[in-house]
Amino acid sequence: QVQLVESGGGLVQAGGSLRVSCAASGRAFSRYSMGWFRQAPGKEREFVAAISTSGSSRYYADSVKARFFISRDNAKNTVSLQMNSLKPEDTAVYYCAADSRLDHDYSDPSYAYWGQGTQVTVSS
């Protein structure tokens, strides 16, 4: 099992930057692919970004491509999401998720483990 705790959310003006991080506890963090999802009020949870176990492959939703960057540090059991050029429509609760399945669809919210989420609010 793995426990996930997000941090780094907050309030930022449009055009600004914010970095959210996720700390994992438990064993074998490097065996888990990691994803970031977000959920705005009244909307379904949506895929934002994902990273493979080694960090060699990254995946992004079209809406955040070229603005967001996902990274991981397997030595520190952390995964981060650097968010640049933020827009009001990026406002949501951001969740990190982990899954150890080899054939897992990174963009599908069927991850096995989830954090509690961190609020990101972008003001216009």
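Further up the page is the structure itself.
Here's a quick rundown of the structure.

Reading the values: rules and limits
Residues numbered from 1 in each chain as written. Predicted model: local features only at pLDDT ≥ 70, side-chain atom pairs only at ≥ 80, totals over all residues. Heavy atoms only, no water. Phe/Tyr/Trp six-rings, centres within 6.5 Å; stacked < 30°, edge-to-face > 60°. Helix = DSSP H or I, 4+ residues; strand = E, 2+ residues; numbered from the N terminus. Buried < 20%, exposed > 50% of the residue type's maximum accessible area, 1.4 Å probe, protein only. Lys NZ or Arg CZ within 6 Å of the ring centre and 35° of its normal. Disulfide = S-S within 2.5 Å.

Description of the packing of aromatic side chains
Taken as a whole and assessed by the stated rule, the structure comprises 7 aromatic pairs. Here the aromatic rings of Phe37 and Phe47 are separated by 5.7 Å at their centres, their planes lie at 70°, and the arrangement is edge-to-face. A residue pair is termed long-range when its members are at least 10 positions apart, and Phe37 in strand 4 (residues 33-39) and Phe47 in strand 5 (residues 46-51) qualify at 10 residues. For the pair Phe37 and Phe47, one class covers both residues: buried. Between Tyr111 and Trp114 the ring centres are 6.1 Å apart and the planes differ by 70°, which places this aromatic pair in the edge-to-face class. A connected cluster of aromatic rings, assembled from ring pairs, spans Phe37, Phe47, Tyr95, Tyr111 and Trp114. Taking NZ or CZ as reference, Arg45 lies 3.8 Å from the ring centre of Tyr95, over its face. A cation sits over an aromatic face here: Arg45 above Trp114, 4.7 Å from the ring centre.

Here's the deal with the state of the cysteines
Counted under the stated rule, the structure contains 1 disulfide. Disulfide partner of Cys22: Cys96, at an S-S distance of 2.0 Å. Between Cys22 and Cys96, the disulfide has an S-S torsion of 40° and is therefore right-handed. With Cys22 in strand 3 (residues 18-26) and Cys96 in strand 9 (residues 92-99), this residue pair connects regions lying 74 residues apart in the sequence. Relative accessible area serves as the criterion here: at 1%, Cys22 is assigned to the buried category. For Cys96, a relative accessible area of 0% puts it in the buried group.

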